[in-house]
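Coordinate analysis (summary)
Each chain is listed here by its residues.
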Amino acid sequence: MPSPGPVSPDDPSTPRENRALLVLLVVVSLALGSILLPFYAAIMWGLILSLLFTPFHRWLLPRVGHRPTVSALCTLTIVLLIVILPVTLIMVLLAQEAAWLYQSLQSGVIDPALYFHRAFNRLPDWMGAILDRFGLVNFATLQRHLTAAVAQGSQFAATQVFTLGQNTFEFVVSLGVALYLAFFLIRDGDTTVRAIGRLIPLAPVHRQKLWHKFATVVRATVKGNLLVALIQGALGGLAFWFLGVSGALLWAGLMATLSLLPAVGAALVWLPVALYFLVTGALWQGLALSAYGVLVIGLVDNLLRPVLVGQDTRLPDYVVMISTLGGMAVFGINGFILGPLIAAMFLSAWQIFGETR
């Protein structure tokens, strides 16, 4: 097959060739994106792990004789010991707690109708009138609705457990991809960033500004939100355990997950329990949990999140909240990172545009 003739690097490209190259770039970029899309979460977490632990790699590098591969392997071992293994252990414990709760519901050891009956019998007249408007004034009708809701919930839970078992291989593969990518990004991250930066048609100062904003937002969002979620989940689970609420560990995990939603996350769990205590006559438990939820659990969110997330990202609190909610609505659990990141890059890009104008 004949090869094209030699081309001098100084030969100017024609507009037609430039357009053809642009089309080629778009096509191959879209093709690569479609290939990597199923693993976008694994790629994202590999990048996040590299951003979080690259400072440790740089600190360790001179202590292992400036051998990048050895330093990156040691760093990845630290990641496994302090991040992956504890998270896996917590997930196993939560799965066991969820299985126990599901079996208790199925066997009747825990009867939601009984708890609801107690609360229903103690409702004041004005609340009974409100229920009457919706045709729920007698307990038999209310119990039928509750039974249907519990049946649907149990079916959904069983489906999720089955799906989780099917997706175990996919989870392991994604975890392997994330760790594999994190190793190379930790070892060769500086070289990779410089190579990508040279391809971005922006002034060096603007490239540096965007990269700094990207790294800062990712670190602040991950460390800040996860720390707040862990603290709120632990505090909520401790309160539930002290008050004798069944499945305290499971509720702690649920509060930690919902704590990724700013302002109202953990309250979606502890507030209904506090109301149940108050309605059923357990006044001191209800009042104690309400005060604890507002003054302790809520205070963690109100004080730590703005300091750990908003201050480092230099985003207003309302932007952090709205972008987090929007990100989680679009991207699921990964949206608590992607939402604020997109908002921060949006503001930075417009700031650079204003400066260049």
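Since we're looking at a predicted model, the values are computed, not measured. (Residues numbered from 1 in each chain as written. Predicted model: local features only at pLDDT ≥ 70, side-chain atom pairs only at ≥ 80, totals over all residues. Heavy atoms only, no water.)

Notes on the nonpolar core
Generally speaking, soluble globular proteins have nonpolar side chains that are buried together. Of all hydrophobic cores here, the largest spans 21 residues; its most connected members are I48, V218 and I337. Of all the secondary structure elements, the ones that give two or more residues to this core are α2 (40-60), α8 (204-243), α12 (317-331) and α13 (335-356). Contacts of V218, omitting those with residues within four sequence positions, involve I48, L51 and L341. The next biggest cluster of nonpolar side chains, apart from the first, holds 15 residues, and it includes A239, A248, M255 and L289. (Core = buried A, V, L, I, M, F, W, Y, C linked by side-chain atoms within 4.5 Å. Buried < 20%, exposed > 50% of the residue type's maximum accessible area, 1.4 Å probe, protein only. Helix = DSSP H or I, 4+ residues; strand = E, 2+ residues; numbered from the N terminus. Contact = heavy atoms within 4.5 Å.)

Structural notes on the layout of surface pockets
Counted as a void, the second largest pocket has a volume near 760 Å³. Elements supplying a minimum of two residues to the lining of the second largest pocket: α2, α7 (168-199) and α8. Tallying contributions element by element places α8 first for the lining of the second largest pocket, with ten residues. Taken together, the residues of the lining of the second largest pocket sort by class into twelve nonpolar, eight polar and six charged. (1 Å grid on protein atoms, 1.4 Å probe; cavity = no way out; pocket = protein on both sides within 12 Å on 5 of 7 lines; lining within 4 Å. Points joined across faces, edges and corners; volume = space filled by probe spheres on them. Nonpolar A, V, L, I, M, F, W, Y, C, P; charged D, E, K, R; others polar.)

Digging into the pattern of salt bridges
If you walk through the whole model with that rule in mind, you get one salt bridge. One salt bridge in this structure joins R187 and D188, with 3.0 Å as the shortest N-O distance. Owing to a relative accessible area of 26%, R187 belongs among the partly exposed residues under this scheme. Exposure remark for D188: the relative accessible area of 28% places this residue in the partly exposed category. (Salt bridge = Lys/Arg side-chain N within 4 Å of Asp/Glu carboxyl O.)

So, a nonpolar patch on the surface
Side chains of L21, L22, V23, L24, L25, V26, V27, V28 and L30 sit close together on the surface and give an oily, nonpolar patch of about 840 Å² of accessible area. Here L25 lies in helix α1 (residues 15-36). Residue L25 is classed as partly exposed on the basis of its relative accessible area, which comes to 46%. (Patch = residues over 30% accessible without salt bridge, like charges linked within 9 Å, V, L, I, M, F, W, Y side chains within 5 Å. Areas by Shrake-Rupley, 256 points an atom, 1.4 Å probe, with all protein chains shown as cover.)

A short note on the packing of α8 against helix α9 (residues 248-258)
The contact between α8 and α9 brings their axes to 8 Å, and the two run at 150 degrees. The orientation of α8 with respect to α9, classified from their angle, is roughly antiparallel. You can see that α8 and α9 cross each other, and the crossing is right-handed. Residues A229, G233, G236, G237, F240 and W241 of α8 form the contact with α9, whose own contacting residues are A248, W251, A252, M255 and A256. Partitioning the contact of α8 with α9 into residue classes produces eight nonpolar, three polar and no charged. (Axes fitted to C-alpha atoms, helices over the stretch in contact; angles between N-to-C directions. Parallel < 35°, antiparallel > 145°, perpendicular 65-115°, else oblique. Left-handed = near helix turned anticlockwise from the far one by under 90°.)

What to know about the packing of aromatic side chains
Applying the stated criterion across every chain yields a total of five aromatic pairs. For the ring pair Y180 and F184, a centre distance of 4.9 Å and an interplane angle of 70 degrees mean the geometry is edge-to-face. One end of the pair, Y180, and the other, F184, are both in helix α7, four residues apart, so they sit about a helical turn from each other. You can call F184 partly exposed: its relative accessible area is 30%. Members of the aromatic cluster, each reached through a chain of ring pairs, are Y180, F183 and F184. (Phe/Tyr/Trp six-rings, centres within 6.5 Å; stacked < 30°, edge-to-face > 60°.)

Some words on unusual backbone geometry
In this structure, H66 takes a positive phi of about 55 degrees despite not being glycine. Its location among the elements puts H66 in the loop between α2 and α3 (68-107).

Focus: the side chain of Q285
Topologically, Q285 is positioned in helix α11 (residues 283-313). For Q285, the side chain forms a polar contact with the side chain of W284, separated by 2.9 Å. Among residues more than four places away in sequence, those in contact with Q285 are L243 and F277. (Polar contact = N/O pair within 3.5 Å; in protein donor to acceptor, adjacent residues only side chain to side chain.)

Some thoughts on the environment of L289
Looking at the element boundaries, L289 is found in helix α11. For the pair L289 and L278, spaced eleven residues apart in the sequence, the C-alpha separation amounts to 9.9 Å. Residues contacting L289, with those up to four places away along its chain left out, are A239, F240, L243, W270, V273, A274 and F277.

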